[in-house]
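Fold and contact review
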Amino acid sequence: MRVKTGVTTHRRKKKYFKLAKGYYSDKSRKWRQVKQQVERSLRFAYRDRKNRKRVFKSLWIIRLNAAARQHGINYSQLIHGLKLSDIVINRKQLAELAANNMTLFSQIASVAKDALQSPSVEKINVAKA
């Protein structure tokens, strides 16, 4: 007796058609186009989940640079000053502060500025190590 695979094939295809719902024209109706388009879409989705992280980090850096320049330093000096003064805060949170809590950000920027202007010998050695 032979094994009939109709049920299995139907289930497998149903998953693809469900993912292709809303695609234009035959890309949502014909099996070959559905399969090709869904696989292509999934590749783009995988790639762009990685790219989204890059885009947001870039956005945070742009916002930080703009906010830091209002306080007389640029982004790289701000980050270097924070490292010298042992303030550990990530760029996302720092950009959030720059956008929503300007008083706290100005205090952080002034601390970074002070660390840049009067670095002690001990801090310079720590920064180089």
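Quick note: structure is the one above.
In what follows, the accompanying structure is described. Since the structure is predicted, the reported quantities are computational estimates derived from the model, not experimental observations.

What counts and what doesn't
Residues numbered from 1 in each chain as written. Predicted model: local features only at pLDDT ≥ 70, side-chain atom pairs only at ≥ 80, totals over all residues. Heavy atoms only, no water. Helix = DSSP H or I, 4+ residues; strand = E, 2+ residues; numbered from the N terminus. Rg over C-alpha atoms; globule rule 2.2 N^0.38 Å. Buried < 20%, exposed > 50% of the residue type's maximum accessible area, 1.4 Å probe, protein only. Contact = heavy atoms within 4.5 Å. Areas by Shrake-Rupley, 256 points an atom, 1.4 Å probe, with all protein chains shown as cover. Expected span 1.5 Å × (residues − 1). Axes fitted to C-alpha atoms, helices over the stretch in contact; angles between N-to-C directions. Parallel < 35°, antiparallel > 145°, perpendicular 65-115°, else oblique. Nonpolar A, V, L, I, M, F, W, Y, C, P; charged D, E, K, R; others polar. Core = buried A, V, L, I, M, F, W, Y, C linked by side-chain atoms within 4.5 Å. Polar contact = N/O pair within 3.5 Å; in protein donor to acceptor, adjacent residues only side chain to side chain.

**Section: the overall build of the chain**
When you go through the chain residue by residue, the secondary structure sums to six helices and zero strands. Overall, the chain shows an N-to-C arrangement of helices and strands of α-α-α-α-α-α. Taken over the C-alpha trace, the chain has a radius of gyration of 26 Å; the compact-globule value for 129 residues is 14 Å, which it surpasses by more than 25%. Judged by the C-alpha coordinates and their principal axes, the chain covers about 85 × 30 × 20 Å. Counting all 129 residues of the chain, 19% fall into the buried class. For the chain, contacts bridging at least 24 residues in sequence account for 47% of all contacts bridging at least 6. As displayed, the chain has an accessible area near 10100 Å², and 54% of this comes from carbon and sulfur atoms.

**Quick look at helix H1 (residues 6-19)**
Helix length check: H1, at 14 residues, gives a terminal C-alpha distance of 20 Å against a target of 20 Å (1.5 Å per residue), a fit within 8%. The buried fraction of H1 is low, at zero of 14 residues.

**Some words on the packing of helix H4 (residues 91-100) against helix H5 (residues 102-117)**
Viewed as axis vectors pointing N to C, H4 and H5 meet at an angle of 125 degrees, and their least axial separation amounts to 6 Å. By the angle between their directions, the pair H4 and H5 is classed as oblique. Of the residues in H5, those touching H4 at Leu-94, Leu-97, Ala-98 and Asn-100 are Met-102, Leu-104, Phe-105 and Ile-108. The residue makeup of the contact of H4 with H5, split by class, is seven nonpolar, one polar and no charged.

**Here's the deal with the nonpolar core**
Formed by 16 residues in total, the largest nonpolar core has its most connected members in Leu-64, Leu-78, Leu-82, Leu-94, Ala-98, Phe-105 and Ile-108. Where this core is concerned, the elements lending two or more residues are helix H2 (31-69), helix H3 (75-84), H4 and H5.

**Here we look at unusual backbone geometry**
Within the chain, Ser-25 stands out as a residue other than glycine whose phi angle is a positive 55 degrees. In this structure, Ser-25 sits in the loop between H1 and H2. Overall, the relative accessible area of 31% leaves Ser-25 in the partly exposed class. With phi around 60 degrees, Asp-86 is a residue other than glycine that occupies positive phi space. Positionally, Asp-86 belongs in the loop between H3 and H4. Residue class for Asp-86 comes out exposed when judged on its relative accessible area of 61%.

**With respect to the environment of Leu-64**
Tracing the backbone through its elements, the reader meets Leu-64 in helix H2. Here Leu-64 falls in the buried class, since its relative accessible area comes to 0%. Sequence-distant contacts of Leu-64, that is, excluding residues within four places in its chain, are made with Tyr-75, Arg-91, Leu-94, Ala-95, Ala-98 and Phe-105.

**A few points about the side chain of Ser-28**
With respect to the helices and strands, Ser-28 occurs in the loop between H1 and H2. Here the side chain of Ser-28 touches Tyr-23 through a polar contact of 3.3 Å, landing on its backbone oxygen. At a separation of 3.1 Å, a polar atom in the side chain of Ser-28 contacts the main-chain carbonyl oxygen of Ser-25. Ignoring sequence-local partners within four residues, the contact set of Ser-28 consists of Phe-17, Ala-20, Tyr-23 and Val-34.

The values reported here are purely geometric and, on their own, carry no functional implication.
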